[in-house]
Each structure stands twice: as structure tokens, then as C-alpha cells.
Amino acid sequence: MGVRIAGKRKVTVKKPVEERIVSGVVPLFEKEGWTLMAAIQPVSAEMKQKLYGEEKSEARLMLTDSKTELKEGYGLCVERTDGVCDFQVAEPVERWSNHQRAVLKRIREEENGF
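Residues numbered from 1 in each chain as written. Predicted model: local features only at pLDDT ≥ 70, side-chain atom pairs only at ≥ 80, totals over all residues. Heavy atoms only, no water.

1. Re the overall build of the protein
When you go through the protein residue by residue, the secondary structure sums to 2 helices and 7 strands. For the protein, the α and β elements follow one another from N to C terminus as β-β-α-β-β-β-β-β-α. Relative to its full complement of 114 residues, the protein shows a buried share of 41%. Counting every atom, the protein has about 7,000 Å² of accessible surface; 47% of that belongs to carbon and sulfur. (Helix = DSSP H or I, 4+ residues; strand = E, 2+ residues; numbered from the N terminus. Buried < 20%, exposed > 50% of the residue type's maximum accessible area, 1.4 Å probe, protein only. Areas by Shrake-Rupley, 256 points an atom, 1.4 Å probe, with all protein chains shown as cover.)

2. Digging into the side chain of Q100
Residue placement: Q100 occurs in strand β7 (residues 100-106). A distance of 2.9 Å separates the side chain of Q100 from the backbone oxygen of S66, its partner in a polar contact. The contacts of Q100, once residues within four sequence positions are left out, are M62, L63, T64, S66, K67, T68, E69, L70, V93, E94 and R95. (Polar contact = N/O pair within 3.5 Å; in protein donor to acceptor, adjacent residues only side chain to side chain. Contact = heavy atoms within 4.5 Å.)

3. As for the pairing of strand β1 (residues 9-14)
Across 5 bridges, the pairing between β1 and strand β2 (residues 34-42) is antiparallel. Of the residues in β2, the one forming a bridge with V11 is L36. Across 3 bridges, the pairing between β1 and strand β4 (residues 75-77) is antiparallel. Looking at the pairing, K14 lines up with G75 of β4. (Pairing = 2+ DSSP bridges.)

4. Thoughts on the nonpolar core
Core analysis: the biggest nonpolar cluster contains 15 residues, and M62, L76 and L104 have the highest contact counts within it. Within the residue set of this core, elements represented by two or more residues are β1, β2, β5 (87-89) and β7. Looking at this core, the element that brings in the most residues is β2, giving 3 residues. If we skip the residues at most four places from it in the chain, L76 touches V11, T12, V13, M62, C85, D86, F87, Q88, V89 and L104. (Core = buried A, V, L, I, M, F, W, Y, C linked by side-chain atoms within 4.5 Å.)

5. What about the side chain of T64?
By the secondary structure assignment, T64 is in strand β3 (residues 59-64). Note on T64: relative accessible area 0%, which makes it buried. Only 2.7 Å separates the side chain of T64 from the backbone oxygen of M37, close enough to count as a polar contact.

6. Regarding the pattern of salt bridges
The full count for this structure, using the stated rule, is 6 salt bridges. The shortest N-O distance in the salt bridge between E79 and R60 comes to 2.9 Å. In this pair, E79 is assigned in the loop between β4 and β5 and R60 in strand β3, connecting sequence segments 19 residues apart. Residues R101 and E94 are paired through a salt bridge, measuring 3.1 Å at the closest nitrogen-oxygen approach. What makes R101 buried here is its relative accessible area of 17%. Through salt bridges that share partners, R60, E79 and R106 make up one connected network. (Salt bridge = Lys/Arg side-chain N within 4 Å of Asp/Glu carboxyl O.)

Encoded structure:
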């Protein structure tokens, strides 16, 4: 049985495409991914400052009880439904026996090659 996390929703996860650069822009992600159930939350003010000085709207906290291992650099379709990743795992994922915690940063349109 997984951890109880309120407000779970489907999130698509995609691995980064290795050694692929389009117009010098990184990251790009594989076309196919997998879905998992996760709670996506805004980050706290303290964590916001830790995340490279980014605005609060640029960062999210993801909690999931999925056993599929997440890694730094993976792309996620959180707010978009067209299969384009709008967030990326920003730092190493913290893992416990019953859940994972990842800090996400928003991918700007020009970075994702829209």
C-alpha cells in the first residue's frame, strides 16, 4: 500500500533524449513515456530561493508512490495535455520505502523547441 497523497493526478514522464541538440537547445525528451499518479504542489518560499532564484510559478514539488524510479533530468507533462513536457526533474529525487519526492522546474517554451 502506498502513501496517501491528496489530489493525485496523472502525469506523463519521459526520459531525456541523449546527445540530441536542436539549435543548441536542451532538453528534448523521448516521444513515448509512461504515466504515473502524483500530487503536484507549489514549493515553499524557502525552497523557491533554493531553486536557482526561480519564481514560485516556475517550480513544483511532486510526490508519488509509484515504484518506477524517477531521475534528475526526466521531463514531465504536468499542465500540458499535448504530450509536450512542461516540467523537468530539477535535482536528485528523494526516495523512501513508500514514496518519492521530486522538485520540478518549468521548461520554458524556447528551451523545449516548441
